[in-house]
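Letter by letter, the chains look like this.
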Amino acid sequence: MKPLQAPIKKLMIGVAAAAVLGISSLASATDTIKVGILHSLSGTMAISETTLKDTMLMLIDEQNKKGGLLGKKLEPVVVDPASNWPLFAEKARELLEKDKVAAVFGCWTSVSRKSVLPVFEELNGLLFYPVQYEGEESSKNVFYTGAAPNQQAIPAVDYLMNDIGVKRWVLAGTDYVYPRTTNKILEAYLKAKGVADEDIMINYTPFGHSDWQSIVSDIKKFGSAGKKTAVVSTINGDANVPFYKELGNQGISAEDIPVVAFSVGEEELSGIDTKPLVGHLAAWNYFMSVDDPANDAFIENWHKFIKNDDRVTNDPMEAHYIGFNLWAKAVEKAGSTDTDKVAEAIIGLETPNLTGGTAKMLKNHHITKPVLIGEIQDDGQFSVVWQTEEEVPGDAWSDYLPGSKDIIADWTPPISCGNYNTKTKKCSGQNY
Amino acid sequence: MSRCLYPDLHTKLASLGLMAWLVWLLLYTAPVTAEDATADLTTAFELLKGRSFKDKGEAVDLIAQSGHERSKMILAALLASHLYKNKEDERIVIRETGKQYQDALSGELLEGVNKRKLKRITINNQLRGQIRDALATLDLASPEATVRLAAVKSMTGNVDEASQARFRASLAKEEDKRVKEALLTALAIAQLDAADPAIRLTAIEQVTGNLDPAIRAKLARLEQDSSQPAVAKAAKQALDGIEFKLQLYATFETLFFGLSLGSVLVLAAIGLAITFGVMGVINMAHGELIMLGAYTTYLMQQLMPGYDEVSLLLAIPAAFLVSGTAGIIIERTVIRFLYGRPLETLLATFGISLILQQLVRTLISPQNVPVSNPDWMSGTLEINSVLALTYNRLYIILFCLLVFTALSLVLKRTNLGLQVRAVSQNRAMARAMGVRSARVDALTFGLGSGIAGVAGVALSQLTNVGPNLGQSYIIDSFMVVVFGGVGNLWGTLVGGLSLGVANKVLEPWSGAVLAKILVLVFIILFIQKRPRGLFPQKGRAAGD
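Residues numbered from 1 in each chain as written. Chains lettered and ligands numbered in written order. Predicted model: local features only at pLDDT ≥ 70, side-chain atom pairs only at ≥ 80, totals over all residues.

Brief notes about the overall build of chain A
A count of helices and strands for chain A gives 12 helices and 19 strands. A compact globule built from 432 residues would reach a C-alpha radius of gyration of about 22 Å, and chain A, at 24 Å, matches this within 12%. A burial count over chain A gives 52% of its 432 residues as buried. (Helix = DSSP H or I, 4+ residues; strand = E, 2+ residues; numbered from the N terminus. Rg over C-alpha atoms; globule rule 2.2 N^0.38 Å. Buried ≥ 20, exposed ≤ 12 C-beta atoms within 10 Å, placed from the backbone.)

Digging into the overall build of chain B
Summing up its helical and strand segments, chain B has 21 helices and 7 strands in all. A compact globule built from 544 residues would reach a C-alpha radius of gyration of about 24 Å, whereas chain B, at 34 Å, exceeds it by more than 25%. Reported as C-alpha extents along the three principal axes, the dimensions of chain B are approximately 125 × 70 × 55 Å. Relative to its full complement of 544 residues, chain B shows a buried share of 38%. Taking contacts inside chain B between residues at least 6 apart in sequence as the whole, the part at least 24 apart equals 67%. (Contact = placed C-beta atoms within 7 Å.)

Details of the confidence of the model for chain A
With 94% of its residues at a pLDDT of at least 70, chain A reaches an overall mean of 91. Taken element by element, chain A is modelled with least confidence in helix H1 (residues 5–31) of chain A, mean pLDDT 62, and with most confidence in strand E4 (residues 127–129) of chain A, mean pLDDT 97. (pLDDT = per-residue confidence, 0-100.)

Some thoughts on the environment of Trp411 of chain A
Position of Trp411 of chain A relative to the elements: it lies in the loop between strand E17 (407–410) and strand E18 (417–421). Beyond its immediate stretch of four places on either side in the chain, Trp411 of chain A contacts Lys140, Lys363, His365, Ser416 and Gly418 of chain A.

A short note on the pairing of E18 of chain A
All names here are of chain A. By the bridge criterion, 3 bridges tie E17 to E18 in an arrangement that is antiparallel. When the bridges of E18 are listed, Ile408 appears paired with Tyr420. Sheet topology places E18 next to strand E19 (residues 426–427); 2 bridges connect them, and they run antiparallel. Within E19, the residue paired with Asn421 across the bridge is Lys426. Hairpin connection, E18 to E19: the antiparallel pair is bridged by 4 residues, and Lys425 has positive phi, about 55 degrees. (Pairing = 2+ DSSP bridges.)

Examining the interface of chain A and chain B
Tallying the contact residues gives 39 residues for chain A and 38 residues for chain B. Put simply, the parts of the chain that give the side of chain A that touches chain B at least two residues each are helix H2 (46–65), strand E7 (200–205), helix H7 (213–222), helix H8 (240–249) and strand E15 (382–387) of chain A. Residues that form the side of chain A that touches chain B fall into these classes: 12 nonpolar, 20 polar and 7 charged. (Nonpolar A, V, L, I, M, F, W, Y, C, P; charged D, E, K, R; others polar.)

Thoughts on the sheet that holds strand E1 (residues 83–86) of chain B
What the 5 strands build is an open sheet, ordered E4-E3-E2-E1-E5 (chain B); its pairing is antiparallel. What marks the edges here is a single partner per strand, and that holds for strand E4 (109–110) and strand E5 (118–120) of chain B.

Things to note about the sheet that holds E17 of chain A
Read from one edge of the open sheet, 3 strands run E17-E18-E19 (chain A), paired in antiparallel fashion. At either margin of the open sheet sits one strand with a lone partner, and together these are E17 and E19 of chain A.

Some thoughts on helix H5 (residues 125–139) of chain B
Here H5 of chain B spans 21 Å end to end across 15 residues, near enough to the 21 Å set by a 1.5 Å rise per residue. Turning to H5 of chain B, its buried residues are Asn125, Leu127, Gln130, Ile131 and Ala134 of chain B. In this structure, the buried residues of H5 of chain B make contact with strand E14 (372–376) of chain A together with helix H3 (53–66) and helix H4 (71–79) of chain B. (Expected span 1.5 Å × (residues − 1).)

What to know about the packing of helix H3 (residues 85–98) of chain A against helix H4 (residues 110–123) of chain A
Two numbers describe a pair of packed helices, the interaxial angle and the distance between the axes. Residues and elements named next belong to chain A. Where H3 meets H4, the axes come as close as 8 Å, and the angle between the chain directions of the two elements is 30 degrees. The pairing of H3 with H4 is recorded here as roughly parallel in orientation. The handedness of the crossing between H3 and H4 is right-handed. Touching Trp85, Pro86, Phe88, Ala89, Ala92, Arg93, Leu96 and Glu97 of H3 are Val111, Ser112, Ser115, Val116, Val119, Phe120 and Leu123, all from H4. For the contact of H3 with H4, the class distribution of residues is 11 nonpolar, 2 polar and 2 charged. (Axes fitted to C-alpha atoms, helices over the stretch in contact; angles between N-to-C directions. Parallel < 35°, antiparallel > 145°, perpendicular 65-115°, else oblique. Left-handed = near helix turned anticlockwise from the far one by under 90°.)

Quick notes on the pairing of E7 of chain A
Within a regular beta strand, the side chains point alternately toward one face of the sheet and then the other, so they alternate between its two faces. Residues and elements named next belong to chain A. Sheet analysis places strand E6 (residues 168–174) next to E7, joined by 6 bridges and oriented parallel. Paired with Val170 across the strands is Met201, a residue of E7. The handedness of the E6 to E7 crossover, carried by helix H6 (residues 177–192), is right-handed. (Right-handed = clockwise from strand over helix to strand, strands pointing away.)

Considering the packing of helix H11 (residues 315–334) of chain A against helix H12 (residues 339–346) of chain A
Residue and element names in this part refer to chain A. Interhelical geometry of H11 versus H12 gives an angle of 110 degrees and a closest axis separation of 8 Å. On the basis of their axis angle, the class for H11 and H12 is roughly perpendicular. Facing Leu326, Trp327, Ala330, Val331, Lys333 and Ala334 of H11, the residues of H12 in contact are Lys341, Val342, Ala345 and Ile346. Taken together, the residues that form the contact of H11 with H12 break down as 8 nonpolar, no polar and 2 charged.

Here's the deal with the nonpolar core
Judged by nonpolar contacts, the single largest core of 122 residues is most densely connected at Val35, Ala92, Ala103, Val104, Val260, Ala283 and Trp327 of chain A. It is H11 of chain A that provides the largest number of residues to this core, a total of 10 residues. Residue contacts for Ala92 of chain A: discarding those within four places in its chain leaves Leu38, Val104, Val116, Val119 and Phe120 of chain A. Ranked by size, the runner-up nonpolar core spans 74 residues in total, among them Val281, Met300, Ala326 and Leu489 of chain B. (Core = buried A, V, L, I, M, F, W, Y, C linked by C-beta atoms within 7 Å.)

Observations concerning helix H20 (residues 489–510) of chain B
The terminal C-alpha atoms of H20 of chain B, which comprises 22 residues, lie 31 Å apart, in line with the 32 Å expected from a rise of 1.5 Å per residue. Within the span of H20 of chain B, buried status applies to Leu489, Gly491, Thr492, Leu493, Gly495, Gly496, Leu497, Leu499, Gly500, Asn503, Lys504 and Glu507 of chain B. Buried residues along H20 of chain B sit in contact with H7 of chain A together with helix H11 (229–279), helix H15 (391–413), helix H19 (469–484) and helix H21 (512–529) of chain B. Just downstream of H20 of chain B, Gly511 of chain B is the residue with a positive phi angle, here 90 degrees.

See below:
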């Protein structure tokens, strides 16, 4: 062989190999649709969010068994923002720019959602947000499959006021945007119903707060003035565990001062002894104990997937189930995973929920949900004591706050705005 | 001749009369027969099978008033969620301990019950309250004095007309002194609402000095009632009389909360006081050594499931060894080479803290792990109706004092303690006296870290155990050590307890978040005035 042919041969083999690799990687890149999962797997919110990551993996797995979407397989991309709010924004940017995911399912705390909101609007991504929240927001790029205050907080307060006869109120929450805004709404609502200032006690604690002695003692004193008292709890994360323990230790039973929680579900209760908590309440749109064939099938699939019969299901998991199914339907209807096309196709779509009804995606990017109030049982499950007959449509802008009464969200043309003032006929745009 | 002309007739008439009266008694005054009671229960069971909570409430009333001998047992089972409906034969069954089932009406043990066909009869909070009241009413007639006392106490505060009559009837027959007192108090509270002002005045007199919050609430309402001025004045007097006592107990309570928070701070900081004090080493991994102690408790509980007390007690020496060994390893491998370079030590130990956190996340789990409390740690010690101390905090305060005493003894009475104190006061002189300061350094670090591990055991009983546990306590530990004076155990104790009390005094006024900020600002200002802390070390060479 001529001396120059050997290196040229090597070169040609190299180029060929690179070409094959390149083509195959291109091929595999176009063969899957990437789905981002943005949930804290460590830190103070891991207690609530880790199971949502597992739910998404199960839903993606099931969809792939049905043949994927648009003839392609779905590929999950899991990141861990570690209960660190700025890290949520970084990870969201990574999912959208680097991994080029078609949609992201994630976030729990409102502060994490507020952190990623500018990123999703800048990069025109899609976020499906599965957790109950305080409203006062509607984004072109976010679909809210969790409850708005009119689908959770207000009905719970109505139940306490009318069915239980509560006259004094303690609003206890973690110190960030969701409890602060929800309590603003509830305070306005209670005052509108004639509750006096001295009958409302509001209290905020930091994330992960563990020394509840003085606060629980104050609640006890507040509740022994002779009027029926209840606690409306927007406490989030693992601070709930020492809170409920302290309630039990100081002898406050649910019959004396019931606590209705908005962020405590089967998952948060699964690690603790719930005997001292029997009778305390939670307000959600789904409970694992609901008797329905769709729910039974979901729970069975979940136990098979996670290979652990002790794992529980909860409301945010149902919200991801609904959100994922709506997204899949929208993608198939639009024939593409492009954000704008999917956002247009998804409005008005319906999918069955797990309590025997249907969830419909509305123009304001919220869905219709039934409201259920349940009491904690000694096995960590909830027993439903009250529910709405029909699904309630989610309202992003509370009717009880003076600044939001006249605002609606409507993303369909001609309004196409998240904060549209019906009186001044102006769209004020997103306020971060 | 006898007076009675017809003696036999007289007795016969008397006995006839007696018999007639007895028959009348049986027929007309016996409240219920066995058949009536069973019929009531059967109706009640039908109501229980439905979904309406209102129906179930009626059922509870029926069962309570039926007079059936099993009504108490059925109500107790319903309260404990042990009452089920068998979907196969529509029977109501009670679940006993040991998974046996018995028919609710007859009590016969049932064999071969299919658990899947049983549907629990659910209740809500209002029903729970109603059942408790019904049970208390049934308990009023119990032969045991303690049961009667508990029943009266549970009904105190909401005694309606019917119950008042029952209480008065019980009072007439009652022989036990405590139960009599409780009945009188309950009746007095009920009479505070009476229409007649004279009755109200007598009632106020009877409840004067009683601190019960329900009574205080009623007295406050009476004080506001301007339509009965004499009553209002008496109520105001009664309230003023107990005002001082109330303030006193409220102060005690805040003090207790502050001491318990402070004892947690002291436990976390005392190990740091030794390592920081003796060697001047800023150990940012101190929080993780606490976390290792907490995880040791978790692992001991996993190793000995069901023996919560034993595993907790064994966890104390185990945690000491685990964290102490970790401390000695850190000292020998990293810190030894960085003596005299505080910034590098800070960085290096910060890196070690990150490594330890990730190690726990990888080897065990990134989520919190459940650590259960033994039974004697739950519940409260009720001093009176306004002061109740939770047991877990009481034990933590005692534990903190024990650890402090033990550590002081080690430092004052043992050889190692002597050498540690010598090295921390004047290293060069101690070495000149023959103390092997390198070995003392390693052992001191091990001692401080071991104490951190023991603190972790205590913390595992109070708060969530997760990889980030250390991060919540490292700043507080440094605050206590700096405030109390470096290298001084008494400084740490006084500093920690006073910071805890200060935090709890501020909390009701400013909220939890602002209280912490204010305490931090206070320490910064204090350090400006007194840089060496509360109890600085004495001696010319100390503090170099």
